[in-house]
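# Structural features, examined
Here is how the chains run, residue by residue.
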Amino acid sequence: MKASRKLLLTGILFLFPALFFGGCESMDDAFDQNRKIRRGVNIIGYDQIWSSFEQARFKEKHFKLLKQARFDSVRINLHPFKHMDKNKNFALSSHWLEVLDWAITNALKNNLAVILDLHEFNAMGDDPKGTKKLFLAFWNQLAELYKDAPAEVIFEILNEPCRGITPKLWNDYMRQALAIIRQSNPNRTVVIGPAHWNGIDHLDELKLPRNDRNIIATIHYYKPMNFTHQGASWAEPYKDKIGIKWLGTDKEKQNILSDFTKAQAWSKKHKRPLLLGEFGVFDKAQMDSRTRYLNFITQSAERYGWSWAYWQFDNDFILYDIDNDKWNQHIRDALIP
Ligand code: BGC
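None of the values given here were measured: they were computed from a predicted structure. (Residues numbered from 1 in each chain as written. Predicted model: local features only at pLDDT ≥ 70, side-chain atom pairs only at ≥ 80, totals over all residues. Heavy atoms only, no water.)

### Describing the pairing of strand β6 (residues 153-156)
Neither face of β6 is left uncovered, since the one carrying Val 153 and Phe 155 and the one carrying Ile 154 and Glu 156 both have all their residues buried. Note: strand β5 (residues 113-118) against β6, four bridges, orientation parallel. Among the inter-strand pairings, Asp 117 is bridged to a residue of β6, identified as Glu 156. As paired strands, β6 and strand β7 (residues 190-192) are joined by two bridges and run parallel to one another. (Buried < 20%, exposed > 50% of the residue type's maximum accessible area, 1.4 Å probe, protein only. Helix = DSSP H or I, 4+ residues; strand = E, 2+ residues; numbered from the N terminus. Pairing = 2+ DSSP bridges.)

Next up, the structure:
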């Protein structure tokens, strides 16, 4: 190569590394993004706000309260399917979009990062084929709408893929959704977790596209189920047996740590940051055990540099008592001492 051409090439490489490395330099690093999420909580999944603002339980002031309590992010649980019009290319209803916009705007205004979590896991698990069009149409619309949103807005492709969404099918579906998202959002951070309800033991089955580095992997943790789901009507084997304690014995701690250590090994091997996107103990468990467990979970996750999002603000597992307008102080202090 002639010396002058070599000089030119070196100059271009020096000045415009993004041209050669696929724009990586301008992209928000997934690990940095995960540090922004840091401590979060799941919100408004089951709030009447999606039907009308008048019936909303979650109000603007709650974003501020979350920030004051030192939370860093909210994971907004979205159930959009019944708000999409089959006769209009699956367009999302204007009210639904207004609520979403309201939530994103207020979260950002209060310096909370936002995870937009598609929470249609039951509908999709029951009928993967029948819901696929809705799934892809949803991401097409949402990605286009928020393509200019700040980096603190993060997309989560699907909460807890399960049942009919087998690991194999999930690897196919999530790649298709991701490809749609990447058309309009080349630099958006995207959260993706394994099939089997984002189970911590199933990370190995998740086949993320190797060259897409702006992905945060997510897992959920509710073990041991007989403790965290005691008295919960939808959790068949555990719904009738309450009074199960979590004493924080060496054995109990070790069980959790061995699961976390395996997930951390996966994270290191694949160089992917981890978000513990859901964990919690149902309201029927004794408070001492709940707080002991929750504190152990958040401290252990933070030691590994994972971000986390508590399940959930209102409805059940409650962190904030909206009816009496006050925090569940025990839970709050256990999460963020
Ligand atoms: C579901 C909730 C459930 C929670 C704990 C979430 O992913 O959406 O309905 O309460 O997991 O079981």
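### Section: the confidence of the model for the protein
Taken over all residues, the pLDDT of the protein has a mean of 93, while the share at 70 or more is 92%. Across residues 1-26, where pLDDT falls below 50, the model places eleven contacts with residues more than four positions away in sequence or in other chains. (pLDDT = per-residue confidence, 0-100. Contact = heavy atoms within 4.5 Å.)

### Some remarks on the packing of aromatic side chains
In the structure shown here, the tally under the stated rule is 27 aromatic pairs. Between Phe 279 and Tyr 310 the ring centres are 5.8 Å apart and the planes differ by 70°, which places this aromatic pair in the edge-to-face class. Here Phe 279 is found in strand β9 (residues 274-279), whereas its partner Tyr 310 is found in strand β10 (residues 307-310), with 31 residues between them in sequence. Take Tyr 310: its relative accessible area is 0%, and that puts it in the buried class. An aromatic cluster of at least three residues, connected via ring pairs, comprises Phe 53, Phe 58, Phe 63, Phe 71, Trp 102, Phe 279, Trp 308, Tyr 310, Phe 313, Tyr 320 and Trp 327. In this structure, Arg 188 packs its charged tip against the face of Phe 155, placed 5.3 Å from the ring centre. (Phe/Tyr/Trp six-rings, centres within 6.5 Å; stacked < 30°, edge-to-face > 60°. Lys NZ or Arg CZ within 6 Å of the ring centre and 35° of its normal.)

### Overview of the layout of surface pockets
The rolling of a water-molecule-sized probe over the atoms marks out the regions of remaining empty space. What the largest pocket holds in volume is close to 740 Å³. Within the residue set of the lining of the largest pocket, elements represented by two or more residues are α6 (121-126), α9 (195-198) and β8 (215-221). Here the lining of the largest pocket is built from residues that sort into 13 nonpolar, ten polar and seven charged. (1 Å grid on protein atoms, 1.4 Å probe; cavity = no way out; pocket = protein on both sides within 12 Å on 5 of 7 lines; lining within 4 Å. Points joined across faces, edges and corners; volume = space filled by probe spheres on them. Nonpolar A, V, L, I, M, F, W, Y, C, P; charged D, E, K, R; others polar.)

### Observations concerning the nonpolar core
Counting residues in hydrophobic clusters, the biggest one holds 98 residues, and the most contacted among them are Phe 71, Phe 135, Ile 157 and Trp 170. Counting residues per element, this core draws most heavily on helix α7 (residues 128-145), which supplies eight residues. Apart from the residues within four sequence positions on either side, Phe 71 is in contact with Arg 39, Gly 40, Val 41, Leu 66, Leu 112, Trp 308, Leu 319, Trp 327, Leu 335 and Ile 336. Ranked by size, the runner-up nonpolar core spans seven residues in total, among them Ile 37, Ile 115, Ile 154 and Leu 275. (Core = buried A, V, L, I, M, F, W, Y, C linked by side-chain atoms within 4.5 Å.)

### Topic: the environment of Leu 142
The topology assignment puts Leu 142 in helix α7. A sequence separation of 50 residues divides Leu 142 from Leu 92, and the C-alpha atoms of the two residues are 9.2 Å apart. Not counting chain neighbours up to four residues away, the residues in contact with Leu 142 comprise Trp 96, Leu 100, Leu 116 and Phe 155.

### Looking at the site of the ligand
What surrounds the ligand is the set Tyr 46, His 119, Phe 121, Asn 159, Glu 160, Tyr 222, His 229, Trp 234, Glu 278 and Trp 311. Within the side chain of His 119, one N or O atom sits 2.6 Å away from an oxygen atom of the ligand. Glu 160 places a polar side-chain atom, nitrogen or oxygen, 3.5 Å from an oxygen atom of the ligand. Compared with its free state, where it exposes 310 Å², the ligand has 84% of that area covered by protein. Spatially, the ligand is embedded in the largest pocket. A class-by-class count of the residues in the shell around the ligand yields five nonpolar, three polar and two charged. (Near = heavy atom within 4 Å. Polar contact = N/O pair within 3.5 Å; in protein donor to acceptor, adjacent residues only side chain to side chain. Areas by Shrake-Rupley, 256 points an atom, 1.4 Å probe, with all protein chains shown as cover. Sits in = over half its atoms within 2 Å of the grid points.)

### Section: the pairing of β10
Along β10, one buried face is formed by Ser 307 and Ala 309 and the opposite face, lined by Trp 308 and Tyr 310, is buried too. Here strand β1 (residues 39-43) pairs with β10 via three bridges, running parallel. Counterpart to Val 41 in the pairing with β10 is Tyr 310. By the bridge criterion, two bridges tie β9 to β10 in an arrangement that is parallel. Across the sheet, the residue bridging to Leu 276 is Trp 308, located in β10. Note on the crossover from β9 through helix α12 (residues 287-303) to β10: the handedness is right-handed. (Right-handed = clockwise from strand over helix to strand, strands pointing away.)

### Focus on helix α8 (residues 167-184)
In an α-helix, one turn spans 3.6 residues, which is why side chains three or four residues apart end up on the same side. In a regular helix each residue adds 1.5 Å, so 18 residues correspond to 26 Å; α8 covers 26 Å between its end C-alpha atoms and thus fits that length. Considered for burial, the residues of α8 that qualify are Trp 170, Asn 171, Tyr 173, Met 174, Ala 177, Leu 178, Ile 180, Ile 181, Arg 182 and Ser 184. Structurally, α8 contributes buried residues whose contacts are with α6, α7, β6, β7, α9 and β8. (Expected span 1.5 Å × (residues − 1).)

### Let's talk about empty space enclosed by the protein
With the rule as written, the count across this model stands at one cavity of 30 Å³ or more. Computed from the structure, the largest cavity encloses a volume of approximately 50 Å³. Every residue lining the largest cavity is listed: Ile 43, Ile 44, Gly 45, Tyr 46, Asp 47, Phe 58, Gln 312, Asp 314 and Asn 315. Of the residues that constitute the lining of the largest cavity, the class distribution is four nonpolar, three polar and two charged.

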